[in-house]
Every structure is written in structure tokens, then in C-alpha cells.
Amino acid sequence: MVTSLFWFLSLLYKSNNSYFSTRSSSSPQFPLGRRAACDIYWHGVSFHDNENIVSGQVNKFPGMVEMLRKINLSRAMRTMQELFPEEYDFYPRSWILPEEYQQFSAQIRMVKERDTTVSPTFIVKPDGGSQGDGIYLIRDPSDLKLMVGAQPKQAVVQEYIHKPLLIDKLKFDIRLYVLIKSLEPLEIYIAKEGLTRFCTEPYQEPTQKNLSHVFMHLTNYSLNVHSGNFVHSDSQSTGSKRTLSSVLYRLAAKGVDIKRVWSDIIALVIKSVIAVVPELKLHYQADIPPGKPGPTCFQILGFDILLMKNLKPVLLEVNSNPSMRIEHEQEVAPGVSEYVPSPVDEHVKVGVIRDTLRLMDPFNKKPTVNMISHSTQPLL
């Protein structure tokens, strides 16, 4: 029951294990399954991790993994951009490969013919990629890697944001945690604390010579952690991974209107979720038809957001399975590594999991949480 789930997670908070570890010496084990139904089911990847749930709550929505793949998210955003161009200008212009290769090439050719001094940069993201795997920058369509063996490579190519906000001369992005509590009515909770992930090489605007400098251009933690300049810090306000609040405090000290920044970020999140809700509802109704027994769903998403130099937030991507690890690998001797706690990750992610469980409390106790709530009327 939910009491056991809270207790089990509290054990993980105090240990050096990741949140989604399934083994704990002092927690109840069910190697052959359990007969009694649970109040909350915590799946590792998708709604379909367990197909035999007819009640309770599942921490994944059916179809969420598919909807947040690079291509499907870009299609959803493009639809909204066509309908509401000014409201959805926070998502970079995108082309889907290989099907829109000709349109992409024609657009670049037209831009260069208009002004021969202009040489725009684009970022290519594999459709199913994660943790920065397979991402690269280009300045000409001929540089695209369109094939994997004999198979066409599914990807999204986007305009590269070449004037990001810098701190300590480094590019960074924001990882914001968002809870979708329900689709009908649509309820969204945004965690007030998040992470900022920093590049490990001072930023320079892209040129043909530095396009391959991933530590300069890509903010992905899984890439930069392999840089010799990566700094693991016990402080929340220094190092290569910091809390969002520490960065906002620093910006506020320079006179930045933080309330305006937060307001723009919240609007970005709400509009992004609205863009994918129609398709999500179709998946939901297909797996859990109205009137038939089945669980309700909720899900934590990871929004990756870049602040431009003018403080406008830009959506980079949305992760359906954001990492909840609260540790990192550290070399303690040549060739010998061990996992050690990450105070910044623990500070942020423990709060996200704790408040999520409080909000989803099946006994309907009034929760005290550190999240911002937003709800909408059902979409027509």
C-alpha cells in the first residue's frame, strides 16, 4: 500500500542507491509478485511495464514515451505554431529527416543566396536519442548523416540558438521537473527547484572550426561529465551542475526580473503540454477505455530549457523518463570507480519524488508541496 511505498522510498533517500533501484535489504520483496493490489505502481520506463493493472495509480501515461520522441514532439509543436505562431515561438524551427530533407536544403540555399555572409548553424538530434547520443552541429545540408547502414536515419534538425545566456562564460540549460497529475481535467504541477547543467568549455559562437566542440555547445550532463574540466561540487551554487534557485538568485543580484523569467518558463511548460494532450488522450482511451476497469495515471517529465541572452526561454526537448539518480561515478584510484552521493541531485530530486507522492496520495490528505499548480478546463 502507499504507506509501504513512502517507507521504501525513504530508505532510498538515506542510501547511496539510485531512486529506481529495485532491491533493498530491509524493504519488502515480492520476487513472485504480490496478490494484493497496490495504491501506486512505480514503473521504470513505460505504462506497459506491467500489463495486469486494473486499479490504483501508475506513474506513466500510455503513449507518453512515443509522443515525446523528437519527431513526434516537433510535429505537435509545428501544428501549434501554424495555429498560434506568436504563442509557440519558444520552439526552434525544425525539419524532420529524411522526409523533409529537400525542404531543409531549399531553405538553407535560399538564405545563403539572399545574403552570402550568412551561414546559419543547425543542430541534428536522432529521433530516439538520449543523453546527447548522436547529436551534432552542421552548417550545410551536405554534412547530414542520413543513413545508418542501409537504413535511413530518423532525426530532427533544428535552428541552433547561437546567443545563449552565459554564466561564468559557459553555456548552460535548465532541467525542470513537471508533474502531469491528470489529463481530464488537465492538471500540471511545476517543481519550484530544478537543475542547471553547464558546459565545460567557454562558449564561442559556432564556426566551422568549433562545430565539433561538444563541451562548448552541448549542455548534456552525460557528455560533459567526461570532460576533464567537469567539476563535481558539494555546493549548490558552484560546479558543473547547480540548483536552478542558485542561478536565479545570481541573476536577480544583477537586476534580472526573475518573476518575469519564471512567468515565461511556466507559460512555455503549459503550452508544451497542451500541444501533446490530444494525442495522449487517444493513447489513454485506447489502453484504458472509458467504463472499463483500469488505473489512473500521472507522470514526472523533464523539461530541458535554454535561456537566451535576452532571457527568453527556449524549449530544447522534453524527457518522458528523466533520470532520478542521486549519485555519480567517481574514480577513486586508477581504473577503480565507485558511486558517491551528489548533494545537488539529492536536494532537487528527493523533493520532486516526495512531493509527487504527496500529491498523488490516494487517501486525499491535503499535501504540503513545493510545486506550482496549474489546471485547465478540458480541451475541446
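Predicted, not measured: the structure shown is a model, and the values here were computed from it.

What follows is about the confidence of the model for the protein chain. Confidence in the prediction for the protein chain averages 85 pLDDT; 84% of positions are at 70 or higher. Across residues 1-27 the pLDDT falls below 50, and counting only partners more than four positions away or on other chains, this stretch makes 53 contacts in the model.

On to the packing of aromatic side chains. Applying the stated criterion across every chain yields a total of eight aromatic pairs. Between Tyr88 and Phe90, the aromatic rings sit 5.4 Å apart at their centres with planes inclined by 40 degrees, giving tilted as the arrangement. With a relative accessible area of 4%, Tyr88 lands in the buried category. For Phe90, a relative accessible area of 5% gives the class buried. Relative to Phe122, the ring of Phe104 has its centre 5.0 Å away and its plane inclined at 90 degrees; by these criteria the two rings are edge-to-face. Residue Phe104 is found in helix α4 (residues 101-114), and its partner Phe122 is found in strand β4 (residues 122-126); the two are separated by 18 residues along the sequence. For Lys241, the ring lying beneath its charged end belongs to Tyr221, and the centroid distance is 3.8 Å. The ring of Phe198 has Arg242 sitting right over it, with the charged end atom 4.0 Å from the ring centre.

A few words now on the sheet that holds strand β14 (residues 296-297). Across the sheet, which stays open at both edges, the three strands sit in the order β1-β2-β14 with parallel pairing between neighbours. Every interior strand has two partners, whereas the edge strands, β1 (40-41) and β14, have only one. As judged from the two bridges shared by β1 and strand β2 (residues 57-58), these two strands associate in the parallel manner. Residue pairing for β2: Ile40 is matched across the bridge by Gln57.

Quick look at the sheet that holds strand β5 (residues 136-138) now. Read from one edge to the other, the open sheet built from four strands follows the order β3-β8-β4-β5, with strand pairing classed as antiparallel. Taken across any chain shown, the strands that pair with only one partner, and hence form the sheet edges, are β3 (94-97) and β5. Taking the axes of each pair of neighbouring strands and ignoring which way they run, one obtains an average angle of 25 degrees across the sheet. Strand contacts of helix α3 (residues 70-83): β3, β4 and β8 (155-159), with the helix running at about 140 degrees to β3, the strand carrying the most contacts.

About the cut-offs
Residues numbered from 1 in each chain as written. Predicted model: local features only at pLDDT ≥ 70, side-chain atom pairs only at ≥ 80, totals over all residues. Heavy atoms only, no water. pLDDT = per-residue confidence, 0-100. Contact = heavy atoms within 4.5 Å. Phe/Tyr/Trp six-rings, centres within 6.5 Å; stacked < 30°, edge-to-face > 60°. Buried < 20%, exposed > 50% of the residue type's maximum accessible area, 1.4 Å probe, protein only. Helix = DSSP H or I, 4+ residues; strand = E, 2+ residues; numbered from the N terminus. Lys NZ or Arg CZ within 6 Å of the ring centre and 35° of its normal. Pairing = 2+ DSSP bridges. Axes fitted to C-alpha atoms, helices over the stretch in contact; angles between N-to-C directions.

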